[in-house]
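If you want the building blocks of each chain, they are given just below.
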Amino acid sequence: MAEPTTWETFTLERPEPGIAVVTLNRPERMNSMTNTMFVELEKAALQLDREDDLRVVILTGAGKAFCGGFDLDDAEGLSSLTPIGMLDQQEMAARALSAIRGIRVPVIAAVNGAAAGGGLSLSLAADIRIGSPTARFNAAFVRIGLSAGDLGASWHLTRLIGPARAAEFAYTGRFIEAVEAESLGLLNAVVPAESLLDEALAMARLICANSPAGVQLSKRALHANMEVSSYAAALELENRGQALLTRGEDMPEALAAFKDKRSPNFTGR
């Protein structure tokens, strides 16, 4: 499917080969989520995932917010939905975030402001989060009579910051500011606002310098081993990944480059 030249709810740019930047583009509404955004994000994620030369995706927001969650103008109609209708709504939103999380290459969230409710869940769908000093997170749905367990947040939070911290965060609905988010491990780093995208691009370049296949199987192993039930199962998956990678071109190339004291020319094949 050909990539559209424009999207209604975000922009998609290619600042460098192999790097895609998705910028949520509803700044007048704090980049809040709509059904159109969910449909477009799922479609874009699936299209990006089919690109052979894709190496890293950066996700950020236009203006002063990363994503303010579900647009409350649309949320007013949720209580009138039937249970099946509400389940359909949730599953549509969940497919979008699952598609973002499932992109085979690393996803970096450059959190430039509030990440609230569904915006929190969207940031958690990324592999790495870098924030500006204005980055802040909260599980907003608990404040409007819904569950903080929304779009994967309960699953991610307990693994990132631990069950007790996740419980406090979920039950109080309080904001976690950038400095605390970094100390908890919710953010990998806090950087000046004016250099946030530059820092995300710098990290993307570091990733791009490595073997494409090695990075992708690393992501697959990290994701899978958050869900396996035993150390032995984790070892089994890691062992298969390493065995597969030794059959490709990048490992011999890396060893030859090290011996020749040059930079490797990775192909991902």
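This is a predicted model, so every value here is computed, not measured.

Trainee: Got a minute to help me understand the environment of Thr 267 in this structure?
Mentor: Among the structural elements, Thr 267 can be located in the segment after helix 11 (250-260). The class of Thr 267 is partly exposed, set by a relative accessible area of 31%. Along the sequence, Thr 267 and Val 39 sit 228 residues apart, while their C-alpha atoms lie 33 Å from each other. If sequence neighbours within four positions are ignored, Thr 267 has contacts with Pro 212, Glu 249 and Asp 250.

Trainee: Please explain the packing of aromatic side chains as it appears in this structure.
Mentor: The geometry of an aromatic ring pair comes down to the distance between the two centres and the angle between the two planes. Scanning all chains against the criterion turns up two aromatic pairs. Aromatic pair Phe 38 and Phe 70: ring centres 6.0 Å apart, planes at 5°, arrangement stacked. Of this pair, Phe 38 sits in helix 1 (residues 35-49) while Phe 70 sits in the loop between strand 4 (65-67) and helix 2 (72-75), and the two are 32 residues apart along the sequence. Of the two residues, Phe 38 and Phe 70, neither departs from the other in class, the shared state being buried. Over the face of the ring belonging to Phe 175 we find Arg 136, whose NZ or CZ atom lies 3.8 Å from the ring centre.

Trainee: Quick question: what am I supposed to make of the domain arrangement of the chain here?
Mentor: How big an interface is tends to be expressed through the accessible area that disappears when the partners come together. Domain annotation for the chain reports domain 1 (8-206) and domain 2 (209-258). Placing the centre of domain 1 and that of domain 2 at their C-alpha centroids yields a distance of 27 Å. Between domain 1 and domain 2, the residue contacts involve 13 residues of the former and 10 residues of the latter. For the pair domain 1 and domain 2, the summed buried surface comes to about 960 Å²; carbon and sulfur atoms form 43% of the total. Of all residues in domain 1, the largest losses of buried area upon contact with domain 2 belong to Arg 55, Arg 101 and Arg 104, amounting jointly to 45% of the total for that side. If you look at where domain 1 meets domain 2, you find 10 residue pairs in polar contact (both at pLDDT 80 or more). Contributing elements (two or more residues each) for the side of domain 1 that touches domain 2: helix 5 (153-161) and helix 8 (196-208). A breakdown of the residues in the side of domain 1 that touches domain 2 according to their chemical character gives seven nonpolar, no polar and six charged.

Trainee: Which parts of the structure should I look at to understand the sheet that holds strand 6 (residues 114-116)?
Mentor: Sheet strands associate in pairs through backbone hydrogen bonding, adopting either a parallel or an antiparallel arrangement. Strand order in this open sheet of four strands is 4-6-8-9, and the pairing throughout is mixed. Each edge of the open sheet is held by one strand with a lone partner, namely strand 4 and strand 9 (176-177). Sheet topology places strand 4 next to strand 6; two bridges connect them, and they run parallel. Paired with Ala 65 across the bridge in strand 6 is Ala 114.

Trainee: How should the sheet that holds strand 7 (residues 128-131) be read in this particular structure?
Mentor: If you trace the six strands from one edge of the open sheet to the other, you get 1-2-3-5-7-10, paired in mixed fashion. If you trace the sheet from one side to the other, it starts and ends with strand 1 (10-16) and strand 10 (189-190), each paired once. Where strand 1 lies against strand 2 (residues 19-24), five bridges are found, and the strand directions are antiparallel. Each residue of the ladder has a partner; that of Glu 13, found in strand 2, is Val 21.

The rules behind the values
- Position numbers for residues start from 1 in each chain and track the written sequence from start to end.
- Local features in this predicted model are restricted to residues of pLDDT 70 or higher, and side-chain atom pairs are both shown and tallied only at a pLDDT of 80 or more, whereas totals for entire chains, interfaces and linings draw on every residue.
- Heavy atoms from the whole structure form the basis of all side-chain values; hydrogens and water molecules are not counted.
- Going along the chain from the N terminus, every DSSP run of H or I of four or more residues is numbered as a helix, and every run of E of two or more is numbered as a strand.
- Using a 1.4 Å probe on the protein chains alone, a residue whose accessible area is under 20% of its type maximum counts as buried, one over 50% counts as exposed, and one in between counts as partly exposed.
- Residues count as neighbours in contact if any of their non-hydrogen atoms are within 4.5 Å of one another.
- Within 6.5 Å between ring centres, the rings of Phe, Tyr and Trp (the latter by its six-membered ring) count as paired, and their orientation is classed by plane angle as stacked under 30 degrees, edge-to-face over 60, tilted in between.
- Put simply, a charge is over a ring when the Lys NZ or the Arg CZ is close to the ring centre, within 6 Å, and near the line of the ring normal, within 35 degrees.
- Domain borders in the structure are assigned automatically or taken from a domain database.
- By definition, the buried area sums, over both parts, the 1.4 Å-probe accessible area that each loses when the two are put together.
- Here a polar contact is taken to be a pair of N or O atoms separated by no more than 3.5 Å, where protein atoms must pair a possible hydrogen donor with a possible acceptor and residues adjacent in sequence count only if both atoms sit in side chains.
- Side-chain classes follow a simple rule in which Ala, Val, Leu, Ile, Met, Phe, Trp, Tyr, Cys and Pro form the nonpolar group, Asp, Glu, Lys and Arg form the charged group, and the remainder, Gly included, forms the polar group.
- At least two DSSP bridges between two strands are needed for those strands to be called paired.

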